[in-house]
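The residues making up each chain are set out below.
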Amino acid sequence: MAKIKIGAVSFLCAYLVGCGGGSGADSNSNQPNTQNTSPICSATTFVAPRGSGDIAISSALQCMDADGDTLSFTPSTISSNGVLTGEYSIDVSVSDGRGGQTTVQLPYQITNQLPQCSQSTAPTVTAKSGALVIESYLTCLDPNGDNIQLNPQSIDISNLANGNYQQQINFSDGELNASLVFEYTVSDDAQVEITRCERITQSVALSPERDVTVTCDANYAYVTSDTYPDHDLMNGITATNEQIPVPAVGYAAPIKLEPHTAANPTTIDAALGVAVNGVPIYDYSAAGELDLFNYDPSIDTVKLGQLDNCGGHAGRGDDYHYHAAPTCMMASMENLSDESIIGWGYDGYPLYGFNHPDGSAIVEGDLELCNGYPDETYGYRYHLSTTPPYVFQCLVGEVDTNVLPRIAPLAGGGDRGDLRPPSGDVQNLTHTVSSDGKRTMSYDYQGENYYVTYTPSTEKANCYEFEMKAISNNGAIQTGTYCR
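These figures come from a predicted structure and were not determined experimentally.

Criteria and cut-off values
- Residues numbered from 1 in each chain as written.
- Predicted model: local features only at pLDDT ≥ 70, side-chain atom pairs only at ≥ 80, totals over all residues.
- Heavy atoms only, no water.
- Buried < 20%, exposed > 50% of the residue type's maximum accessible area, 1.4 Å probe, protein only.
- Helix = DSSP H or I, 4+ residues; strand = E, 2+ residues; numbered from the N terminus.
- Contact = heavy atoms within 4.5 Å.
- Core = buried A, V, L, I, M, F, W, Y, C linked by side-chain atoms within 4.5 Å.
- Pairing = 2+ DSSP bridges.
- Salt bridge = Lys/Arg side-chain N within 4 Å of Asp/Glu carboxyl O.
- Polar contact = N/O pair within 3.5 Å; in protein donor to acceptor, adjacent residues only side chain to side chain.
- Axes fitted to C-alpha atoms, helices over the stretch in contact; angles between N-to-C directions.

Asks: Can you explain helix 1 (residues 196–205)? Please cite residues and give values.
Replies: Among the 10 residues of helix 1, 7 are classified as buried, and the element is accordingly described as predominantly covered. For helix 1, the complete set of buried residues consists of Arg196, Glu198, Ile200, Thr201, Ser203, Val204 and Ala205. Here the buried face of helix 1 lies against strand 13 (131–133), strand 19 (213–216), strand 20 (220–225), strand 21 (251–256) and strand 27 (343–345).

Structure, rendered in structure tokens:
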């Protein structure tokens, strides 16, 4: 394995402890000891599994200080999270606070363990069900906490005759790969009740994104993603807030498995649901909670020109989300039809397209306050619309707003959560992604060009090196490292 030397900037929560010696002063003397001896340190190789979180490294660095001074260490910790398997080293500066200082090189190794998947049940299904979603019948665990990807994610059974079948399923943590033989039966007589968890999993399997996962507990199905879709982003916007989409790794959207109608609809200044590609969905507003009975065009993100060609934009947390129909996602979905589920409200009810699931047109007056309609299968359903509110503007079902995820502004270098762009339109806004991962949003305002650009940090996981010339800071060039 190649050795990689990284800078003396650290990213864990471990601690280093100095081993002090005796005092250098004569106990019988009233004169202070003005001499100081620098600390002496040695290191042994430190081994940590990837994804094992915050690990103390004090046992790998042994230090002595002849003067008994309290030692400080820069950096003081090492992280295994988000680090590729390999051998590394880091320079640690050890100081006694009185001018004595030494630098020691600490070698460490990040290891990885094979992901594990086993088949929990062997399903019996009918060919009429069309597709068999593999994840619903597997139990998977990664010892390092990595996301496990399945290939294939589903099996087309629409043309299979009755009988017993086997299919090789490959699974990977992005670095190590393994496989299993998946067994299932196709039978016309199958009477299998599909759970809400399985329905949600099947809907997500039709998404164009392949890194979105679904896990379920007793109360929720969690749609987990980085909220950064593969489709085009930010192009077509005329009213920028100077935010740029940045991945939010591990965003887990909770969908209730047993929905119940609430006494009153819920409106919140946060996402109301999630698309099947893992991108959060808000109401139409740019101003938080709505007056549900009075449409306000002055806060309509569509009317204001704040949305891109795909129905979304980046919010105060530099987080990408939709406020209207996710048209680009829909164009990439497999076998999109009026029966396709586009997303889910956090109250557990599905979101469909512009027509009823049976293909009949939705006419004015069909949809209720939250842009939904009673449904025989799910109890209720929401719909997209070409006119306000475009998508659900509230939730009819019970929802615990305390468990809903929110993406905080990026931390470090300055406050990207409080940008103050002009109220007027900008021109020629474009968003581009380079092969090296660099992402740039550029725009013109009153004859001046402005931009914000970032590249993934090579030293810290989920951190990015930013440079921007923004209207918010009067066109001054600003740089900084920002992290999730």
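Asks: Can you explain the nonpolar core? Please cite residues and give values.
Replies: Formed by 79 residues in total, the largest nonpolar core has its most connected members in Val223, Tyr346, Tyr382 and Phe466. Other than its neighbours up to four places away in sequence, phenylalanine 466 contacts Ile244, Val246, Leu410, Arg416, Val452, Thr453, Tyr454, Gln478, Thr479, Gly480 and Tyr482. In terms of nonpolar packing, the next biggest core, distinct from the first, is built from 20 residues, Ile78, Val92, Val94 and Val104 among them.

Asks: Outline the sheet that holds strand 15 (residues 149–151), supporting the account with residue identities and numerical values.
Replies: With mixed pairing, the 4 strands of this open sheet are ordered in space as 12-18-17-15. Single-partner strands in this sheet number two, and they are strand 12 (124–125) and strand 15. The sheet contact formed by strand 17 (residues 163–172) and strand 18 (residues 177–186) spans 10 bridges and is antiparallel. Note that in strand 18 the partner of asparagine 170 across the bridge is serine 179.

Asks: Lay out the pattern of salt bridges with the relevant residues and their values.
Replies: Per the stated rule, a full pass over the model turns up 7 salt bridges. Here aspartate 69 and arginine 98 are joined by a salt bridge, their closest N and O atoms 3.3 Å apart. Placement of aspartate 69 in the loop between strand 6 (61–65) and strand 7 (72–74) and of arginine 98 in the loop between strand 9 (86–95) and strand 10 (101–111) is noted, with a sequence separation of 29 residues between them. Assessed through its relative accessible area of 16%, aspartate 69 is described here as buried. Here aspartate 375 makes a salt bridge to arginine 381, at a shortest N to O gap of 2.7 Å. Assessed through its relative accessible area of 13%, aspartate 375 is described here as buried.

Asks: I'd like a description of the environment of arginine 98, backed by residues and values.
Replies: Accessibility expressed as a relative area gives 42% for arginine 98, which makes it partly exposed. Linking arginine 98 and aspartate 69, residues 29 residues apart in sequence, is a C-alpha distance of 8.4 Å. Here aspartate 69 takes part through its side chain, which lies 3.3 Å from a polar atom of the side chain of arginine 98.

Asks: For the sheet that holds strand 21, give the residues involved together with the corresponding values.
Replies: A sheet is described by the order of its strands in space; here 3 strands give the open sequence 19-20-21, paired in antiparallel fashion. Only two strands of the sheet have a single partner each, and these edge strands are strand 19 and strand 21. On average, adjacent strands in this sheet sit at an angle of 25 degrees to one another, irrespective of strand direction. Direction of pairing for strand 19 relative to strand 20: antiparallel, over a ladder of 4 bridges. From the neighbouring strand, threonine 213 faces strand 20, where its bridge partner is threonine 224. With respect to the sheet, helix 1 is in contact with strand 19, strand 20 and strand 21, its orientation differing from that of strand 19 by roughly 175 degrees.

That's the geometry; what it means functionally is another story.
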